[in-house]
Amino acid sequence: MTASSPDKNKPFLSDIKTLRARAREHIEQGNVTGTYVGDAQKTIDILQAVLATELVCVLRYTMHAVAATGISSEGVKAEFAEHAKDEQGHAMEVAERINQLGGTPNFDPEGLASRSASQYGQAGNLVDMIRENLIAERIAVDHYRELIRYFGDDDPTTRVMLEGILAKEEEHTNDMHDLLVAHEGKPMLPK
Ligand SMILES: [Fe+2]
Ligand SMILES: [Fe+2]
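Residues numbered from 1 in each chain as written. Chains lettered and ligands numbered in written order. Predicted model: local features only at pLDDT ≥ 70, side-chain atom pairs only at ≥ 80, totals over all residues. Heavy atoms only, no water.

Trainee: Teacher, can you tell me more about the nonpolar core here?
Mentor: By size, the foremost hydrophobic cluster in this structure holds 26 residues, and its most contacted members are Leu47, Val50, Leu51, Val94, Tyr144, Leu147 and Leu162. Broken down by secondary-structure element, the contributors of at least two residues to this core are helix 2 (40-67), helix 3 (74-100), helix 5 (126-151) and helix 6 (156-184). If we skip the residues at most four places from it in the chain, Leu47 touches Val94, Arg97, Ile98, Leu101, Thr158 and Met161. One finds Ala65, Met129, Ile130 and Leu179 within the second-largest nonpolar core, a separate group that totals 15 residues. (Core = buried A, V, L, I, M, F, W, Y, C linked by side-chain atoms within 4.5 Å. Buried < 20%, exposed > 50% of the residue type's maximum accessible area, 1.4 Å probe, protein only. Helix = DSSP H or I, 4+ residues; strand = E, 2+ residues; numbered from the N terminus. Contact = heavy atoms within 4.5 Å.)

As structure tokens, then:
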């Protein structure tokens, strides 16, 4: 490629006047300008499911943090409580992004479980609680990996947010796996 011939692979840079005019034109749409490559409504719909998944995780971990009993449950309870806080943070990030895209985050408890990719669970003892959380984390990890590939370069902001959340869910998965090994002596699921 010579200096004189334009590089077709290089993204076209809008001049500042065009950018300002476009921003004014779409001002009523908030942060979403005409340059949004993805389908904003579809992104909002996807993120509503992510929000529901995170909220169900908040509820499950919170319930486990309170209800876990038995020998050596104290450390596990603290871990559950910490995860509940992390999931709450994720829910907030996702809700903010839905809002930026022009949607209203759906916090409606009605239908929450069916909008969520992970389940609330019904564990009756410590080991089952750990196992349920491990399963939920693995579902979240799989789901978010897929979404990160889906958003790609069409919506880098959403993708980067999900990458941050994914890194935390991988940590959570590891924590639950280690707890399961500590409390049961063997992992019930391959790592
Ligand atoms: Fe999360
Ligand atoms: Fe998590």
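Trainee: Looking at this structure, I do not really get the packing of aromatic side chains. What am I missing?
Mentor: Each aromatic ring pair is specified by the distance between its two centres and by the angle formed by the two planes. Summed over the entire model, instances satisfying the criterion amount to two aromatic pairs. Both rings, one in Tyr150 and one in Phe151, keep their centres 5.1 Å apart while their planes meet at 75°; by these two values the pair is edge-to-face. Given a relative accessible area of 40%, Tyr150 falls into the partly exposed group. You can call Phe151 buried: its relative accessible area is 2%. Here the basic side chain of Arg60 rests over the ring of Tyr61, its NZ or CZ set 5.2 Å away from the ring centre. (Phe/Tyr/Trp six-rings, centres within 6.5 Å; stacked < 30°, edge-to-face > 60°. Lys NZ or Arg CZ within 6 Å of the ring centre and 35° of its normal.)

Trainee: Got a minute to help me understand the coordination of the iron ion (ligand 2) in this structure?
Mentor: Within the protein, the iron ion (ligand 2) binds to Glu87 (OE), Glu137 (OE), Glu137 (OE), Glu169 (OE) and His172 (ND1); these donor distances fall in the range 2.0 to 2.4 Å. Going along the chain, you hit the donors of the iron ion (ligand 2) in the pattern E-x49-E-x31-E-x2-H. Taking relative accessible area as the criterion, Glu137 reaches 1% and is therefore assigned buried. (Donors = N, O, S within 2.8 Å, 3.2 Å for Na, K, Ca; no water.)

Trainee: For this particular structure, what's the right way to read the coordination of the iron ion (ligand 1)?
Mentor: For a metal with four donors in a tetrahedral arrangement, the ideal angle between donors is 109.5 degrees, while six donors in an octahedron ideally sit at 90 or 180 degrees. Here the iron ion (ligand 1) is held by the protein donor atoms Glu54 (OE), Glu54 (OE), Glu87 (OE), His90 (ND1) and Glu169 (OE), which lie 1.9 to 2.6 Å from it. Sequence spacing of the donors to the iron ion (ligand 1): E-x32-E-x2-H-x78-E. Between the iron ion (ligand 1) and the iron ion (ligand 2) the interatomic distance amounts to 3.9 Å, and Glu87 serves as a bridging ligand to the pair. Taken together, the positions of Glu54 in helix 2 and His90 in helix 3 put the pair 36 residues apart, joining distant regions of the chain. Across this residue pair, the class does not change: Glu54 and His90 are buried.

Trainee: Whenever I open this one, the packing of helix 2 against helix 3 confuses me. Can you help?
Mentor: How two helices pack is summed up by the angle between their axes together with the distance between the axes. It is at 8 Å that the axes of helix 2 and helix 3 come closest, and there the two elements cross at 160°. What the angle tells us is that helix 2 and helix 3 run roughly antiparallel. In the crossing of helix 2 with helix 3, the sense of the turn from one axis to the other is left-handed. (Axes fitted to C-alpha atoms, helices over the stretch in contact; angles between N-to-C directions. Parallel < 35°, antiparallel > 145°, perpendicular 65-115°, else oblique. Left-handed = near helix turned anticlockwise from the far one by under 90°.)

By themselves, these figures tell us nothing about what the structure is for.
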